[in-house]
Amino acid sequence: MQHPRHDIYAFIHKGLRAFMAHTLVRVGRLDAHDSADIAVVSEEVRALLDICEHHLENENRHVHPAMEARQPGSCADVAAEHEAHALEIAQLRWLLERVPGNDEAAQGLYRRLSDFVGHNFEHMGKEEREHNAVLWAHYSDDEIRAIEHAIVSGEAPDRLQLAMRWMLPHMTPNERAGMLGGMRRTAPAEVFDGVLNLIRPLLGGRDWRKLTLALGI
Ligand SMILES: [Fe+2]
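Residues numbered from 1 in each chain as written. Predicted model: local features only at pLDDT ≥ 70, side-chain atom pairs only at ≥ 80, totals over all residues. Heavy atoms only, no water.

If you look the protein chain up in an unreviewed UniProt entry, it shows as Hemerythrin domain-containing protein from Niveibacterium microcysteis.

Structure representation (structure tokens):
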């Protein structure tokens, strides 16, 4: 079997798909007349929109220029979709502010968010097929990892933590052990322990056992 190429999108897209799916169904059962419920859901929706916006900015800033440098025109399609997504995000933020006490706004938010999630699911699939094909044709795995490193090393700690919170519980046990094994080698011990404590309650018992066995902890 051929060794698989490095997929820069795989894990962050798994995390985004999980966060989007979770938030969409959560908004579907939101009570627009319960301020505590609104507070919880609003925080989740804001965090989701923030990470989506930041994610597309990262792709625009770090991934697209690399692709365009070696295959001009290869990002045009996805770049236009990013502009449309930025607009959808602004509309969702506007709708969210109108939810308190307003059933119509809550339903509107749910349906618009559903459209947004649908667009993003197709969009991420396209990036994983078409953009990876361009990256793999023109860059080595080490070069692709360098692009990824430039993105991750520029992230604020709370952004990284949120990404970890959605990526790690939603990848396979092997992928999870690989990512955390890498983190144990490179990150300070308290950061590694913090991430373990963050995801432990989010993992089922079987997944937690597999992880502790794989890491020998
Ligand atoms: Fe994208």
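Still to come is the rest of the account.
Attention shifts here to helix α8 (residues 189-199). For α8, the full list of buried residues reads Phe-192, Val-195, Leu-196 and Ile-199. Burial along α8 is one-sided: seen end-on, the buried residues are contained in an arc of 100°. The exposed residues of α8 that point more than 90 degrees off its buried face are Glu-190 and Asn-197. Considering only its buried residues, α8 is in contact with α6 (157-167), α7 (173-186) and α9 (205-215). (Buried < 20%, exposed > 50% of the residue type's maximum accessible area, 1.4 Å probe, protein only. Helix = DSSP H or I, 4+ residues; strand = E, 2+ residues; numbered from the N terminus. Arc of directions from axis to C-beta. Contact = heavy atoms within 4.5 Å.)

Turning our attention to the nonpolar core. Within the largest apolar cluster, 46 residues are counted, with the highest numbers of intra-cluster contacts made by Val-99, Leu-113, Leu-168, Leu-180 and Leu-211. Listed by contribution, the elements that provide at least two residues to this core are α1 (10-28), α2 (35-70), α3 (76-97), α4 (103-138), α6, α7, α8 and α9. Top contributing element to this core by residue count: α2, with eight residues. Two domains share this core, each providing at least three of its residues, namely domain 1 (10-155) and domain 2 (172-217). Ignoring sequence-local partners within four residues, the contact set of Leu-211 consists of Arg-176, Ala-177, Leu-180, Leu-196, Ile-199 and Leu-203. (Core = buried A, V, L, I, M, F, W, Y, C linked by side-chain atoms within 4.5 Å. Domains from an automatic or database assignment.)

Tallying each qualifying case throughout the model produces zero disulfides. Cys-52 carries a free sulfur, and the closest cysteine sulfur to it, the one in Cys-75, is 19 Å from it. Taking the relative accessible area as the measure of exposure, Cys-52 reaches 5% and is therefore buried. A residue is classified by how much of its surface remains accessible, and Cys-75, at 2% relative accessible area, is buried. (Disulfide = S-S within 2.5 Å.)

Our focus in this paragraph is the packing of aromatic side chains. Within the structure shown, the criterion is met by one aromatic pair. With a centroid separation of 4.5 Å and an interplanar angle of 10°, the aromatic rings of Phe-19 and Trp-166 are classed as stacked. Here Phe-19 is found in helix α1, whereas its partner Trp-166 is found in helix α6, with 147 residues between them in sequence. With respect to burial, Phe-19 and Trp-166 carry one shared label: buried. (Phe/Tyr/Trp six-rings, centres within 6.5 Å; stacked < 30°, edge-to-face > 60°.)

This part covers the coordination of the iron ion. Around a metal, the idealised angle for a tetrahedral arrangement of four donor atoms is 109.5 degrees; for an octahedral arrangement of six donor atoms it is 90 or 180 degrees. Taken together, Glu-59 (OE), His-82 (NE2), His-123 (NE2) and Glu-127 (OE) make up the full set of protein donors to the iron ion, lying 2.0 to 2.3 Å away. Considering all four donor atoms around the iron ion, the spread of angles at the metal, 81 to 164°, places the coordination shape in the irregular class. Taken in chain order, the donor set of the iron ion reads E-x22-H-x40-H-x3-E. Highlighted residues: His-123 and Glu-127, both in helix α4, separated by four residues, approximately one helical turn. (Donors = N, O, S within 2.8 Å, 3.2 Å for Na, K, Ca; no water. Tetrahedral: all angles 85-135°; square planar, octahedral: opposite > 155°, others 65-115°.)

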